[in-house]
Amino acid sequence: MADRRILLAGIQHETNGFSNLRTTLADFRSYQYAEGSAIIERYAGSGTEIGGMIRGAAAAGLELVPTLFTFAMPAGLVEAGAFEKLLGVIEHHARPLAPFDGALVVLHGAMDVAGREDADAGVVRFVRGFLAPNAPVVATLDYHANISQGLVDAADVLVGYDTFPHSDFFERGEEAASILGRLLDGMERPAKAFRKLPLLPATVKQATTAPPMARILAAAHAAEGRPGVLTCTVAAGYTYGDVPHLGAAVLAYGEAAAATAAADHVAGLLWAARSELRADLVAPDEAVARAMRAGRGPVVLVDAADNLGGGAPGDGTVLLAELLRQQAQGALVVLWDPEAVEAAAGVGVGGRFIGAIGAKADRHHGTPVPVEGDVRFVGPKTYVRDGSYMKGTRVDMGHVAVLRVQGTTIVLTSLRVPPFDATHLRCLGLDPAAQQILVVKSAAAWRGAFGDVVADAILTDTPGICSQRPDRLPYSRLRRPVYPIDPAVVWTHS
Ligand SMILES: [Zn+2]
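Residues numbered from 1 in each chain as written. Predicted model: local features only at pLDDT ≥ 70, side-chain atom pairs only at ≥ 80, totals over all residues.

A. Seen up close, the overall build of the protein chain. Helix and strand counts for the protein chain stand at 14 helices and 17 strands. The C-alpha radius of gyration of the protein chain comes to 22 Å, within 12% of the 23 Å expected for a compact globule of 494 residues. In terms of principal-axis extent, the alpha carbons of the protein chain reach across some 70 × 50 × 40 Å. The contacts in the protein chain between residues at least 6 apart in sequence include a share of 78% that link residues at least 24 apart. (Helix = DSSP H or I, 4+ residues; strand = E, 2+ residues; numbered from the N terminus. Rg over C-alpha atoms; globule rule 2.2 N^0.38 Å. Contact = placed C-beta atoms within 7 Å.)

Dropping the structure here:
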């Protein structure tokens, strides 16, 4: 049975409904992008879903036919033309070899394409067009997927990450390939139990290494060990999409009664934990003062409202302004500002930079901060991740400038660089462990980069399009009531 041919495709995006940065084809091409056999060459052995699918397919005797894998940094709506082009690439590689015996699809689950409803479900339905009748589709999802009924209906099985910070890309890819192999070996098509909750958990409370999510994931894993349950996914959801299917969900597959019992049990635990999933935030001035007073560093100031991993620009200046105002020493801030990088390059290493930096993408993340300081480094930078987040993948920082302003080191980048791996600082000769204060534009994923060296972390109440206070976000399509915006909302199992 080694010649069962499986279409392999992946389009991943987490789309922030409040960002004015449109996501273009160039954004997909510049982050993660490979077509055809280059997918296998690039991702075999990497800590990604594709890496896991390659291993799992080999173990199950499946022949993968790779078409497209791409992933753009979270940002605003995906341009319709870009999405059509990506589907066209899948078609280009799939059409000559169709029909396939099955498909493995890598999705995020929170993609929003201009003018389209539920684009993730659209990808699965598109892929089905190249399969034999009744051929199974298994897809992987991010823990931050806003799972829709349409997506559940479109795929035979969905497998979501069990970790945040995400570190099980490979394992979930391998699991998806293994499930597909069993379906093709004659395992009965599993029943689906889908529970959508009216719940928007604060991103900073979603870490699966801490309560309450640690115990909820433990319950999901225990459910997977029960007879009749094939797999169980907990999706925390992504609060920053402006879509009707926003929010957390639990999904279980298997024999109907067992899957239903598993989904109801885990969803009940998640709903019962809702008050623990609200963020407690500290005002920026107080957060900086506390970090300066701390006996031991580094203290991480979590700027979750400007979370790059959630589609915010990563150029918010509220904490930088406060660090400079209070004359903090040993602080490190990374900001996206292509204009300032160019200006610093004009000054050159050893020169004096004078200008306003940051807060140029929109009006939601503070105002540009006037600074004067020494230029310590200018030049292009790329690095290869070597931590728990997508180990082995290459990241382009674009052009980078390092400034020293009072006691604060400011790294300016021309591309948006998330703090998911400490290498983005180490490659510049900056040791995160040696800092007193680290500003991170991330909700929880920064723990994968700095979690082992950090002395303390403070969740700051900054403004931004990834605010931990959903009541401040300008939704137009949100279904109400929803917790915590409507604290008295009632949910009962469907
Ligand atoms: Zn995620």
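Read on, since the account is not over.
B. Molecular detail of the sheet that holds strand β12 (residues 352-357). Read across the sheet, eight strands follow the order β12-β13-β14-β15-β11-β16-β10-β17 without closing on themselves; strand pairing throughout is mixed. Both outer strands of the open sheet, β12 and β17 (456-459), are each paired with one neighbouring strand and no more. Along the sheet, successive strands turn relative to each other by an average axial angle of 30°, direction set aside. In this structure, strand β10 (residues 299-302) lies alongside strand β16 (residues 437-440), joined through four bridges in parallel fashion. The residue bridging Val-302 from the neighbouring strand is Val-440, located in β16. (Pairing = 2+ DSSP bridges. Axes fitted to C-alpha atoms, helices over the stretch in contact; angles between N-to-C directions.)

C. Structural detail: the packing of helix α10 (residues 284-293) against helix α11 (residues 318-325). Between α10 and α11, the least distance of the axes is 9 Å, while the angle of their chain directions is 55°. Considering the angle they form, α10 stands oblique to α11. α11 is crossed by α10, and the crossing has right-handed handedness. When α10 is examined against α11, the residues Pro-284, Asp-285 and Val-288 are found in contact with a partner set consisting of Val-318, Leu-319, Glu-322 and Leu-323. Taken together, the residues of the contact of α10 with α11 sort by class into five nonpolar, no polar and two charged. (Parallel < 35°, antiparallel > 145°, perpendicular 65-115°, else oblique. Left-handed = near helix turned anticlockwise from the far one by under 90°. Nonpolar A, V, L, I, M, F, W, Y, C, P; charged D, E, K, R; others polar.)

D. Representation of the sheet that holds strand β3 (residues 62-71) within the structure. The six strands lie next to each other as β2-β3-β1-β4-β5-β6, forming an open sheet whose pairing is mixed. Every interior strand has two partners, whereas the edge strands, β2 (32-35) and β6 (157-160), have only one. Across the sheet, the mean angle separating the axes of adjacent strands is 20° when strand polarity is ignored. The sheet contact formed by strand β4 (residues 102-107) and strand β5 (residues 137-141) spans four bridges and is parallel. For Val-105, the partnering residue across the bridge sits in β5 and is Ala-139. Where helix α3 (residues 49-60) meets the sheet, it contacts β1 (4-12), β3, β4 and β5, and its direction lies at approximately 175° from that of β3.

E. Examining the pairing of β6 more closely. Neither face of β6 is open: one carries Val-157 and Val-159, the other Leu-158 and Gly-160, and all of them are buried. Pairing analysis gives four bridges linking β5 to β6, with the strands arranged parallel. Note that in β6 the partner of Leu-141 across the bridge is Gly-160. With helix α6 (residues 149-154) bridging β5 and its parallel neighbour β6, the resulting β-α-β unit is right-handed. (Buried ≥ 20, exposed ≤ 12 C-beta atoms within 10 Å, placed from the backbone. Right-handed = clockwise from strand over helix to strand, strands pointing away.)

F. The nonpolar core, seen in detail. Of all hydrophobic cores here, the largest spans 173 residues; its most connected members are Ile-6, Val-105, Ala-252, Val-266 and Leu-412. A total of eight residues in this core trace back to one element, the largest contributor, which is helix α9 (residues 256-272). Residues from two domains meet in this core; each of domain 1 (4-277) and domain 2 (284-468) gives at least three. Every residue in contact with Ile-6, bar those within four places of it in the chain, is listed here: Ala-57, Leu-62, Glu-63, Leu-64, Val-65, Phe-100, Asp-101, Gly-102, Ala-103, Leu-104 and Leu-180. (Core = buried A, V, L, I, M, F, W, Y, C linked by C-beta atoms within 7 Å. Domains from an automatic or database assignment.)

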